[in-house]
Amino acid sequence: MTTIANKYQPRMTPNEPDKLNIKRTIFLSLAFMSVLAGLAYYNLAVPLLLGDAQYGLVPEDLLLFGVLGQQTVIGAILVLDNILALLLQPYFAALSDRARSKLGRRMPFILIGGISAAFFFMVTPLFKVLLGLVAILFFFNVAMAFYRSAALTLLADYTPDAVRSKGSGLQQLIANSGAIFAFLLPTLIALLRPGISNFDARYLGFPITGLVMIVILAVLFKTIKETPTGDGFLEIGDTPIKIDSVSFEVQAASDTSEEEKRDWAYFKNALFGKNRSMLFLMIYTYFSYTAFASIEAFFTIFANNYLGIGDDAAGQLLLIYTATMIISAFVSGMIGQKIGRQKALRLGTTGLIVVMALLSFVVTLKQPIWIAVLFVPVGFFWMTVIVNIFPVLWSLSPGGDEGAYTGIYYSFNQAAYVFGPIIMGLVFDFIGGGMGNDKYLLMFPFIVFCEICAFVLLYGVKGGEARLSEAEIEALREQLVEAD
């Protein structure tokens, strides 16, 4: 077996095994921050761009095949990113595990994907023909899929397993600030350019977001120096490379055995091998995200049609939930660090079941203030799940395969966003038929059902707690030898 261990030397100061390097974690989080900034503005502005009368890309009176109207066509375009992520991210993520590069495993994917996505985003408003816009959005989403898993997994590569819950919490805090920036960007543009129209502000937001993504990636490239795994810019080997998360040394790699090559069969091997914990964790992920995909897809409609409030008030309610998530991110990581990752996931899931059950009754009062109050714990419990699921995922991953397993996670995540709203719509149509606007009350019991399923599935997940790195094991051996 040909090995590259010890051939390439680390370019950053090693970690302390039981201590989180706060400064480095902040810089590591910039990769994922660029992802969330781009995706947040995409979700905010692209639907408005497609339906804008001034742009005229998808006319309001459009009717395809006699049945497909404007909103259906816009929805089909918007689901493009979820479908591409579902199909492409596991493949690109597995490739990053096997990357031979003088820049390290993840950085080539982050630079190629991030800069490409930023460029496509900056030129998006220039395409004023529907097919042209769809094409450029397609390339943007492919570029995002190319580097999204690598951007997230960069933290796992250079953070000791013992403190990954805390690190994941800080990563979510930093990364989601990119999303907040994107949501506030139209307001910032309006403040800097008084009198600018909503259309022009929306137009300017695309190149500004793309430029911000590039700046973020430039800071990342300047501050984070991955351990080299090759001599060129990017070459894909046959097997994963393992980087010790404490010493940053290359632990092992091989590129000779045909049986060890990683391909699409890797997806099957990861989920249906002897250890079924990963399969249970992925189905848990699907049910958890199905619940929140339903909220994101239908909450505004629920607020308009049942509560009788406008889009602005509905947005304020969702902002409370989002802000609570961001504020509680680091605390959620500390909880996982203190009580254990599995217990933190159970705490978060149980909390969601209880609060969503309460919401099922509170919404009948049609008082938005009570929804606002309950959205605070919703944000906290949901962030507790998000922050702690990644350390469990990475701990269950074989050494060197964290990127591939992160890609598989995103497949189930995106499957929930593709199918969750469809299932919720079927519930409204078939169970809520004849209920009028009261059918939207079914949303919260549906979410409770999804979270109960998720809670049960957690009991199939064995392990996932912090494990010792190679450097920590070697240190213990030396201590035992000295004791003898």
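All residue numbers here refer to positions counted from 1 along the written sequence of the relevant chain. Given that the model is predicted, a residue must reach a pLDDT of at least 70 before its local features are reported, and side-chain atom pairs must reach 80 or more before they are shown or counted; all residues, however, enter totals for whole chains, interfaces and linings. Side-chain measures were taken over the full set of non-hydrogen atoms in the model, leaving aside hydrogen atoms and water.

Things to note about unusual backbone geometry
We note that Phe 248 has phi near 70°; this positive angle belongs to a residue other than glycine. A run of DSSP states H or I qualifies as a helix once it reaches four residues; a run of E qualifies as a strand once it reaches two. Both are numbered from the N-terminal end. Looking at the element boundaries, Phe 248 is found in the loop between strand E3 (242-243) and strand E4 (250-252). Burial classes follow relative accessibility: with a 1.4 Å probe on protein chains only, a residue under 20% of its type's maximum area counts as buried, one over 50% as exposed, and anything between as partly exposed. On the basis of relative accessibility, which here comes to 0%, the residue Phe 248 falls in the buried class. Positive phi is not limited to glycine here, since Lys 366 has a value of about 55°.

Re the state of the cysteines
Note that a disulfide, as used here, is simply two cysteine sulfur atoms within 2.5 Å. Applying the stated criterion across every chain, the model contains 0 disulfides. Left without a disulfide partner, Cys 450 is nearest to the cysteine sulfur of Cys 453, which lies 6.6 Å away. You can call Cys 453 buried: its relative accessible area is 18%.

A short note on the environment of Ala 40
Looking at where Ala 40 falls in the secondary structure, it is placed in helix H2 (residues 30-51). The exposure class assigned to Ala 40 is buried, which follows from its relative accessible area of 6%. Taking C-alpha positions, Ala 40 is 8.0 Å from Ile 180, a pair spaced 140 residues apart along the chain. Every residue in contact with Ala 40, bar those within four places of it in the chain, is listed here: Ala 179, Ala 182 and Phe 183. The criterion used for residue contact is that any of the two residues' heavy atoms lie within 4.5 Å.

Some remarks on the pattern of salt bridges
Definition used for salt bridges: Asp or Glu carboxyl oxygen within 4 Å of a side-chain nitrogen of Lys or Arg. Applying the stated criterion across every chain, the model contains 6 salt bridges. The closest approach of N and O atoms between Asp 97 and Arg 105, which form a salt bridge, is 3.9 Å. Between Arg 341 and Asp 161 there is a salt bridge, with its nearest N and O atoms 3.1 Å apart. With Arg 341 in helix H13 (residues 341-362) and Asp 161 in the loop between helix H6 (130-157) and helix H7 (164-192), this residue pair connects regions lying 180 residues apart in the sequence. In terms of burial, Arg 341 and Asp 161 fall into one category: buried.

Concerning the confidence of the model for the protein chain
Per residue, pLDDT captures the predictor's confidence, and it can take any value from 0 to 100. Of the residues in the protein chain, 85% have a pLDDT of 70 or more, and the chain-wide mean is 84. Taken together, the stretch residues 254-261 has pLDDT below 50 and engages in 16 contacts with residues farther than four places along the chain or on a different chain.

A look at the packing of aromatic side chains
Pairing of aromatic side chains here covers Phe, Tyr and the six-membered ring of Trp, requires ring centres within 6.5 Å, and sorts the geometry by plane angle: under 30 degrees stacked, over 60 edge-to-face, intermediate tilted. Going through the model one piece at a time under the given rule, you end up with 27 aromatic pairs. When the ring of Tyr 289 is compared with that of Tyr 417, the centres are 6.1 Å apart and the planes differ by 50°; the resulting orientation is tilted. Pair noted here: Tyr 289 is in helix H10 (residues 277-307) and Tyr 417 is in helix H15 (residues 402-431), with a separation of 128 residues, a long-range link. What links up through ring pairs into an aromatic cluster is the set Tyr 289, Phe 292, Tyr 321, Phe 375, Trp 382, Phe 390, Trp 394, Tyr 409, Tyr 410 and Tyr 417. The ring of Phe 221 carries the charged tip of Lys 225 above its face, separated from the ring centre by 5.0 Å. Positioned above the aromatic ring of Tyr 306, the side-chain terminus of Lys 366 is 4.6 Å from the ring centre. Look at NZ for Lys and CZ for Arg. If either is within 6 Å of the ring centre and within 35 degrees of the ring normal, a charge sits over the ring.

Re the environment of Val 418
Tracing the backbone through its elements, the reader meets Val 418 in helix H15. Taking the C-alpha atoms as reference, Val 418 lies 6.3 Å from Asn 82; in sequence the two are 336 residues apart. Discounting residues that sit within four places of it in the chain, Val 418 has contacts with Val 79, Asn 82 and Ile 83.

Section: the packing of H13 against helix H16 (residues 443-458)
Note on definitions: angles span 0 to 180 degrees between N-to-C directions of axes, and those axes are lines fitted to C-alpha atoms, for helices only across the stretch in contact. Where H13 contacts H16, the two axes come as close as 9 Å, and the packing angle between them is 160°. When the axis of H13 is compared with that of H16, the two are roughly antiparallel. Of the two possible hands of crossing, H13 and H16 adopt the one that is left-handed. Of H16, the residues touching H13 (which contributes Gln 342, Leu 345, Arg 346, Thr 349, Thr 350, Leu 352, Ile 353, Met 356, Ala 357, Leu 359 and Ser 360) are Phe 444, Pro 445, Ile 447, Val 448, Glu 451, Ile 452, Ala 454, Phe 455 and Leu 458. Note that Gly is not counted as nonpolar here; it falls among the polar residues with everything else outside the nonpolar set of Ala, Val, Leu, Ile, Met, Phe, Trp, Tyr, Cys and Pro and the charged set of Asp, Glu, Lys and Arg. Split into classes, the residues belonging to the contact of H13 with H16 amount to 14 nonpolar, 4 polar and 2 charged. When an angle is under 35 degrees it counts as roughly parallel; over 145 it counts as roughly antiparallel; between 65 and 115 it counts as roughly perpendicular; any other value is oblique. Note on convention: near helix rotated counterclockwise from far helix by under a right angle means a left-handed crossing. Clockwise means right-handed.

Description of helix H14 (residues 368-396)
Here a helix's expected span is defined as the number of its residues, less one, multiplied by 1.5 Å. Compared with an ideal rise of 1.5 Å per residue, which puts 29 residues at 42 Å, H14 spans 41 Å between its outermost C-alpha atoms and is within 8% of the ideal. For H14, the buried fraction is high: 22 of the 29 residues fall into the buried class.

As for helix H5 (residues 107-123)
For H5, which comprises 17 residues, the first-to-last C-alpha distance of 24 Å matches the rise-based estimate of 24 Å (1.5 Å per residue) to within 8%. Within the span of H5, buried status applies to Met 107, Pro 108, Phe 109, Ile 110, Leu 111, Gly 113, Gly 114, Ala 117, Ala 118, Phe 120, Phe 121 and Val 123.

Overview of the packing of H10 against H16
When two helices pack together, their arrangement is captured by the angle between the axes and the distance separating the axes. With their axes 8 Å apart at the nearest point, H10 and H16 run at an angle of 165° to one another. In this view, H10 runs roughly antiparallel relative to H16, as classed from their interaxial angle. Pair H10 / H16 crosses with left-handed handedness. Classifying every residue of the contact of H10 with H16 gives 19 nonpolar, 3 polar and 1 charged.

Brief notes about a nonpolar patch on the surface
Nonpolar side chains (Val, Leu, Ile, Met, Phe, Trp, Tyr) are joined into patches within 5 Å and like charges within 9 Å, using only residues with over 30% relative accessible area and no salt bridge. For the area figures, the Shrake-Rupley method with a 1.4 Å probe applies, and any residue is considered shielded solely by the protein chains shown. On the surface, Phe 419, Ile 422, Ile 423, Leu 426, Phe 430 and Ile 431 cluster together to form a nonpolar patch covering roughly 620 Å² of accessible area. Along the chain, Ile 431 falls in helix H15. On the basis of relative accessible area, Ile 431 is assigned to the exposed category, the value being 56%.

A look at the side chain of Thr 227
As for its position among the elements, Thr 227 is in the loop between helix H8 (198-223) and strand E2 (235-236). A relative accessible area of 1% places Thr 227 in the buried class. From its side chain, Thr 227 meets the backbone oxygen of Phe 248 in a polar contact 2.6 Å long. Apart from the residues within four sequence positions on either side, Thr 227 is in contact with Tyr 8, Gln 9, Pro 10, Gly 104, Tyr 158, Ile 243, Phe 248 and Val 250. N or O atoms within 3.5 Å of each other form a polar contact, as long as, within protein, one can give a hydrogen and the other can take it, and as long as residues adjacent in sequence are counted only when both atoms are side-chain atoms.

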